[in-house]
Amino acid sequence: MPRAGWCRECGEWVWVDPQGACQNGHSSECVGGIYDAEENLSGVEPGALDFGVGDFPSNLDRFNWGAFLLPLPWGVGFGAWTVVLLWMLMTTVPLTFAMIVGSFGEDALAANLLLVSLVGEVISGGIRLWIGASATRMLWAREQQRLKVVEGAKPRFGVSSYLARQAIWTRVGIGLTVLMIASLALLVFSTDPTVASMMEKQGITSQDAALSAFWLMAEAGLGLWLAAKMRQEGVVEPPPAQEM
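Just so it is clear, the model here is predicted, and its values are computed rather than measured.

Conventions we followed
- Think of each chain on its own: its residues are numbered from 1, step by step along the sequence as written.
- Owing to the predicted nature of the model, reporting of local features is limited to residues with pLDDT of at least 70; listing and counting of side-chain atom pairs is limited to 80 or more, with chain, interface and lining totals taken over all residues.
- As a rule here, side-chain values come from all non-hydrogen atoms in the structure, and water together with hydrogens is ignored.
- Counting from the N terminus, the helices are DSSP H or I runs at least four residues long and the strands are E runs at least two residues long.
- Accessible area is worked out with a 1.4 Å probe on protein chains only. A residue is then buried under 20% of its type maximum, exposed over 50%, and partly exposed in between.
- Contacts: residue pairs with any heavy atoms within 4.5 Å of one another.
- By nonpolar core is meant a set of buried Ala, Val, Leu, Ile, Met, Phe, Trp, Tyr and Cys residues that side-chain atoms within 4.5 Å join together.
- Each axis is a line fitted through C-alpha atoms, and for a helix only the stretch in contact is used; angles between axes span 0 to 180 degrees, taken between their N-to-C directions.
- For classification, angles of less than 35 degrees are called roughly parallel, those exceeding 145 degrees roughly antiparallel, those between 65 and 115 degrees roughly perpendicular, and all remaining angles oblique.
- Definitions for this section: a left-handed crossing has its near helix turned counterclockwise from the far helix by less than a right angle. A right-handed crossing has that turn clockwise.
- Ring pairs shown here join Phe, Tyr and Trp side chains whose ring centres sit within 6.5 Å, with only the six-membered ring taken for Trp; geometry is labelled stacked below 30 degrees between planes, edge-to-face above 60, and tilted in between.
- Within the patch definition used here, like charges are joined within 9 Å and nonpolar side chains (Val, Leu, Ile, Met, Phe, Trp, Tyr) within 5 Å, considering only residues with over 30% relative accessible area and no salt bridge.
- What sets the accessible areas is the Shrake-Rupley method with a 1.4 Å probe; for residues, cover comes only from the shown protein chains.
- Any carboxyl oxygen of Asp or Glu within 4 Å of a side-chain nitrogen of Lys or Arg constitutes a salt bridge here.

Colleague: It is not clear to me how the environment of Val195 should be interpreted in this structure. Could you clarify?
Modeller: Mapped onto the elements of the fold, Val195 is located in helix 7 (residues 193-202). Residue classification places Val195 among the buried positions, given a relative accessible area of 17%. For Val195, the residues in contact, after removing those within four places along its chain, are Leu187 and Ser190.

This is the structure:
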């Protein structure tokens, strides 16, 4: 049975020989996530292996920055409705908590505003981190289920296509996040009367903007930590080279 794996030198899925070496000449130390491919895929480039067919490849179990930074559009774009539901939970739970505290009166909400904000951001950040850590696995399971349930269904895209799309989602997500943080910083440090008037009309204070920027950077920092942890734990030991 043919075997495929992820070659870090090639940056793509490749066929591997019995010793675990890359088809392009890279040694077994460069290849991880080796798995047995289906017999009928022997004539197909490994980069085009269908997403959602077979077992979940270990080297796809990585932090998904696109889903982490843009959970709603990412979930809708890929039809990953579990991610969409998690996004809804992420937005409604903090709001519900604020409404519960506010039901005791405006004074109670004002006195506990920092606590409400802290609890809301912890819940939101925790769900966002879960989405980033689990999005690819959830999408694989969703695609796998669709292929089983829908008669005549075919895979929508290959593994290499998915990885290429994730690179685009990541760049867009990072760009929008940086822009958002820069905008919040402008609100905090701006001395422009127009900006101050706009903030006053919207009921936004400099402290609110600074707190929002801090939470965004804190979530991004936690995302970096979790991504590094997942990458470290997901390293697959290459198979031992056979003696000649």
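From this point, things continue past the structure.
Colleague: Teacher, can you tell me more about the environment of Leu216 here?
Modeller: With respect to the helices and strands, Leu216 occurs in helix 8 (residues 206-233). Taking the C-alpha atoms as reference, Leu216 lies 7.9 Å from Thr177; in sequence the two are 39 residues apart. Residues in contact with Leu216, not counting those within four places in the same chain, are Met180, Ile181 and Leu184.

Colleague: So what exactly am I meant to see when it comes to the nonpolar core here?
Modeller: The tendency in soluble globular proteins is for nonpolar side chains to be buried as a group. Judged by nonpolar contacts, the single largest core of 22 residues is most densely connected at Phe51, Trp74, Val83, Ile131, Leu139 and Tyr162. Element by element, the count of residues in this core is highest for helix 5 (residues 113-149), at six residues. With sequence-adjacent residues up to four places away left out, Phe51 is seen in contact with Leu60, Thr136, Leu139, Trp140, Glu143, Pro155, Phe157, Gly158, Val159 and Tyr162. Listed in part, the nine residues of the second largest apolar core include Phe68, Leu69, Leu129 and Ala227.

Colleague: Which parts of the structure should I look at to understand the packing of helix 2 (residues 71-78) against helix 6 (residues 159-189)?
Modeller: The description of two packed helices rests on the angle between their axes and on the distance between the axes. The N-to-C vectors of helix 2 and helix 6 enclose an angle of 155 degrees; their axes lie 12 Å apart at closest approach. With respect to each other, helix 2 and helix 6 are oriented roughly antiparallel. Considering only the axes of helix 2 and helix 6, their crossing is right-handed. Between helix 2, through Pro73, Trp74 and Phe78, and helix 6, the contact on the second element is made entirely by Tyr162, Arg165, Gln166 and Trp169.

Colleague: Which parts of the structure should I look at to understand the packing of aromatic side chains?
Modeller: The geometry of an aromatic ring pair comes down to the distance between the two centres and the angle between the two planes. Under the defined criterion, the tally for this structure stands at 13 aromatic pairs. With a centroid separation of 6.0 Å and an interplanar angle of 80 degrees, the aromatic rings of Phe78 and Phe157 are classed as edge-to-face. With a gap of 79 residues between them, Phe78 in helix 2 and Phe157 in the loop between helix 5 and helix 6 connect regions that are remote in the sequence. Exposure remark for Phe157: the relative accessible area of 7% places this residue in the buried category. Members of the aromatic cluster, each reached through a chain of ring pairs, are Phe51, Phe56, Trp74, Phe78, Trp140, Phe157, Tyr162 and Trp169.

Colleague: Would you mind going over a nonpolar patch on the surface with me for this structure?
Modeller: A surface patch of nonpolar side chains, amounting to about 360 Å² of accessible area, comprises Ile168, Val172, Leu176 and Leu179. With respect to the element layout, Leu176 can be found in helix 6.

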